[in-house]
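Observations on chain architecture
Residue-level listing of the chains:
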Amino acid sequence: MSGSGAAAEKADSRQRPQMKVNEYKENQNIAYVSLKPVQTTVSIKTATVYLAPFSLSNYQLDQFMCPKSLLEKNSNNEVACKKTKIKKTYRRIIPPKMKTTSSKAESSAVHTESNELQHKRTTDAMNLGVDMESSQDGDSDEDITPGLDDFSGLSPYERKRLKNISENANFFASLQLSESAARLREMIKKRPPPKSKRQKPKKRENGIGCRRSMRLLKADPSGVLLPATPAPPALVADETPLLPPGPLEMTSENQDDNNEGFKGFLRTWAGMSKPSSKNTEKGLSSIKSYKANLNGMVISEDTVYKVTTGPIFSMALHPSETRTLVAVGAKFGQVGLCDLTQQPKEDGVYVFRPHSQPVSCLYFSPANPAHILSLSYDGTLRCGDFSRAVFEEVYRNERSSFSSFDFLAEDASTLIVGHWDGKMSLVDRRTPGTSYEKLISSSMGKIRTVHVHPVHRQYFITAGLRDIHIYDARRLNSRGSQPLISLTEHTKSIASAYFSPLTGNRVVTTCADCNLRIFDSSCISSNIPLLTTIRHNTFTGRWLTRFQAMWDPKQEDCIIVGSMARPRRIEIFHETGKRVHSFGGECLVSVCSINAMHPTRYILAGGNSSGKIHVFVN
């Protein structure tokens, strides 16, 4: 051995302490190596084994072939080896210079390094010498598989392990798993994507497509495109501009103004200037006779008239005893006049447009029935004079919107006007040239209706959002007026509030909570008691005019109101809450929100939201 190798071996021998010869017991069947050294004394022959580090990973199994003579000798002595104790000693091959001796000749120090055998792979091959001497019968392993007998230098466990590895390798090689895996990979890569079951429809090149509207395509029926229409000019201001101030000429929208019929119509209405001489202040009739007269009132196709193009917002019956004249105010600023005694009935309907916005209140003048006063959202109050065929302007306020009005004086010289923003105006028509106006602030956020007490005309009642106030016209202040009485029993929006027509001892209110309430106003004090609550469906929705319960001018203890029930009807209730009568028939097929009763005759007119009036006549 070279000098460097000897020096390294000498240093290694100094670091490792010398150990006694280790003897390993051997089982009768299997020779094994114990990790714990056992010191024994053997009196028979021993086998000396020389070990050197090696690695199986770098060599083939054929390189570790033992001498054939040894293998034959061991195989002949297989049985004898089981009964004889064998002493095996393991010695390292040490160069002559580094060899040490011990006091005992039969033992030597052996030391193996397991860590170097497991992790370090050497490139130089070491010779494995095996020198085993057995007893008379010899030493051999039991049940060694042919083909592995050449490895007699290994333990039976190692040889069994190598046998298992070889058999497993042959078994897996026979299964051809690698070839199967390769074929599966090829199949996965070449597998086409799943096709959808739904097949796309084929496009038709010359097929007919879906049907389209020629009007939306701006084409004629043959498919030729129409020329583009010019865009309408944009409105500079409001879509419904105010009409010019001053008097407006009566110009009919549905009739010819130059024919004899229109002139005869004006003469008919102008001849009604004198009030009827019939006593209208007679006492109340009994409920029994009142019901009998109501039962005689019927409707027919001849008494159904189409008057205006929009919903009816207000209605009034002329107090004439000889003719049946009905006036209606519509949504688009129209005022329609209808003479039910005219035949054919189409010739008796005349429509005018004195306003630009809805006409919410309409009255015949109590001093001159030939005058009709109309109030509109556009902030104008006009008086139609049939003798002169003009609509005079009574009051105008372009900064506000009007909701309702009533006469403070019996001669119609002074009026109280309610505004949508909660203000009120006192208008005096006796001022020459233009009317005198006094603007009054109130504690109400909104005013829907205004009605004057029929006896004590200094009092008037206003209906607001959820409160009802009674004011004294003599105590109104422009900076702010406080009401005499406030009715706060209502929980939702209020549509109207009216005094009873003859005495004013009752007040009827219409509320969105589906209740009609009747109060005792016989004594104007700080509190007005609630007499009756009538459950009634007042929810008309968005497209119908709101209900307004009105008193019958002839019977002040009975009220008239429309109904949402089917079949369609108009109902009359007594102040005690009992239903007195229901008007209906085959010709009444719509909801009549606005109703009016003739002051002396048994004639009832109901207007709906399409501009029609339905008249029940006794």
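What counts and what doesn't
Residues numbered from 1 in each chain as written. Predicted model: local features only at pLDDT ≥ 70, side-chain atom pairs only at ≥ 80, totals over all residues. Heavy atoms only, no water. Helix = DSSP H or I, 4+ residues; strand = E, 2+ residues; numbered from the N terminus. Buried < 20%, exposed > 50% of the residue type's maximum accessible area, 1.4 Å probe, protein only. Areas by Shrake-Rupley, 256 points an atom, 1.4 Å probe, with all protein chains shown as cover. 1 Å grid on protein atoms, 1.4 Å probe; cavity = no way out; pocket = protein on both sides within 12 Å on 5 of 7 lines; lining within 4 Å. Points joined across faces, edges and corners; volume = space filled by probe spheres on them. Nonpolar A, V, L, I, M, F, W, Y, C, P; charged D, E, K, R; others polar. Expected span 1.5 Å × (residues − 1). Arc of directions from axis to C-beta. Salt bridge = Lys/Arg side-chain N within 4 Å of Asp/Glu carboxyl O. Pairing = 2+ DSSP bridges. Axes fitted to C-alpha atoms, helices over the stretch in contact; angles between N-to-C directions. pLDDT = per-residue confidence, 0-100. Contact = heavy atoms within 4.5 Å.

1. Some remarks on the overall build of the protein
- For the protein, the count of helices and strands is 8 helices and 32 strands.
- Per-residue burial for the protein yields a buried fraction of 41% across its 618 residues.
- By element, 52% of the accessible surface of the protein is carried by carbon and sulfur atoms, the whole surface being about 36900 Å².

2. Thoughts on empty space enclosed by the protein
- If you walk through the whole model with that rule in mind, you get 2 cavities of 30 Å³ or more.
- If you add up the space inside the second largest cavity, you get close to 40 Å³.
- Together, Ala-495, Thr-510, Cys-511, Ala-512, Thr-538, Thr-540, Arg-546 and Phe-547 line the second largest cavity.
- Looking at the lining of the second largest cavity residue by residue, the class counts come to 4 nonpolar, 3 polar and 1 charged.

3. Side note on helix 5 (residues 156-175)
- Taking 1.5 Å per residue, 20 residues should reach 28 Å; helix 5 reaches 29 Å between its end C-alpha atoms and fits that length.
- Within the span of helix 5, buried status applies to Pro-156, Arg-159, Leu-162 and Lys-163. The arc that holds every buried residue of helix 5, seen down its axis, measures 130°, which confines them to one face.
- One or two positions beyond helix 5, positive phi appears at Gln-176, with a value near 55°.

4. Considering the pattern of salt bridges
- Applying the stated criterion across every chain, the model contains 16 salt bridges.
- A salt bridge links Asp-385 to Arg-388; its shortest N-O distance comes to 3.8 Å.
- Overall, the relative accessible area of 7% leaves Asp-385 in the buried class.
- The residue Arg-579 makes a salt bridge to Glu-571 at a minimum N-O spacing of 3.2 Å.
- Residue Arg-579 is classed as partly exposed on the basis of its relative accessible area, which comes to 49%.
- The class for Glu-571 is buried, based on a relative accessible area of 3%.

5. Observations regarding the pairing of strand 28 (residues 570-574)
- Extensive coverage of strand 28 is indicated by the burial of 5 of its 5 residues.
- The side-chain alternation of strand 28 yields two buried faces, one formed by Ile-570, Ile-572 and His-574 and the other by Glu-571 and Phe-573.
- Strand direction decides the pairing type here: strand 27 (residues 555-562) and strand 28, joined by 5 bridges, are antiparallel. Residue pairing across strands places Val-561 opposite Glu-571, the latter belonging to strand 28.
- Pairing of strand 28 with strand 29 (residues 579-583) involves 4 bridges; the strand directions are antiparallel. Residue pairing in the sheet places Ile-572 in a bridge with His-581 of strand 29.

6. Things to note about the sheet that holds strand 22 (residues 494-499)
- If you walk across this open sheet you meet the 4 strands as 22-23-24-25, and the pairing is antiparallel. Each of the sheet's edge strands pairs with one partner strand only, and the pair in question is strand 22 and strand 25 (530-535). Strand-to-strand twist of the sheet, defined as the mean angle between neighbouring strand axes without regard to direction, takes the value 15°.
- The pairing of strand 23 (residues 506-511) with strand 24 (residues 515-520) spans 6 bridges and is antiparallel. What sits directly across from Val-508, in strand 24, is Ile-518.

7. A short note on the confidence of the model for the protein
- Within the protein, residue pLDDT values average 78, and 68% of them lie at 70 or more.
- The secondary structure element of the protein with the lowest average pLDDT is strand 3 (residues 129-131), at 37, and the one with the highest is strand 28, at 98.
- Overall, residues 56-146 carries pLDDT values under 50, and its contacts beyond four positions in sequence, including any with other chains, amount to 139 contacts.
- Across residues 234-238, confidence stays below pLDDT 50; counting only partners more than four residues off in sequence or on other chains, it has 1 contact.

8. Topic: the environment of Val-617
- Mapped onto the elements of the fold, Val-617 is located in strand 32 (residues 612-617).
- Classification of Val-617 by relative accessible area gives partly exposed; the value is 25%.
- For the pair Val-617 and Tyr-602, spaced 15 residues apart in sequence, the C-alpha to C-alpha distance is 6.5 Å.
- The contact partners of Val-617, leaving out residues within four places of it in the chain, are Gly-296, Met-297, Val-298, Tyr-602 and Ile-603.

9. So, unusual backbone geometry
- That bond from Gln-343 to Pro-344 is cis: its omega, -5°, falls within 30 degrees of zero.
- As for its placement among the helices and strands, Pro-344 is situated in the loop between strand 8 (335-339) and strand 9 (349-352).
- A cis amide bond, omega -5°, links Arg-566 with the succeeding residue Pro-567.
- Examined against the element boundaries, Pro-567 turns out to sit in the loop between strand 27 and strand 28.
- Unlike most non-glycine residues, Gln-176 shows phi in positive territory, near 55°.
- On the secondary structure map, Gln-176 appears in the loop between helix 5 and helix 6 (177-190).

10. So, the pairing of strand 13 (residues 390-396)
- Strand 13 sits mainly inside the fold: 5 of its 7 residues count as buried.
- Relative to strand 13, strand 4 (residues 248-249) runs antiparallel, the two sharing 2 bridges. Within strand 13, the position partnered with Leu-248 by the bridge is Phe-391.
- Inspection of the sheet shows strand 12 (residues 380-385) paired to strand 13 by 6 bridges, in the antiparallel sense. Note on strand 13: the bridge partner recorded for Arg-382 is Glu-393.
- Counting the residues in the hairpin turn of strand 12 and strand 13 gives 4 residues, including Ala-389, whose phi is positive at 60°.

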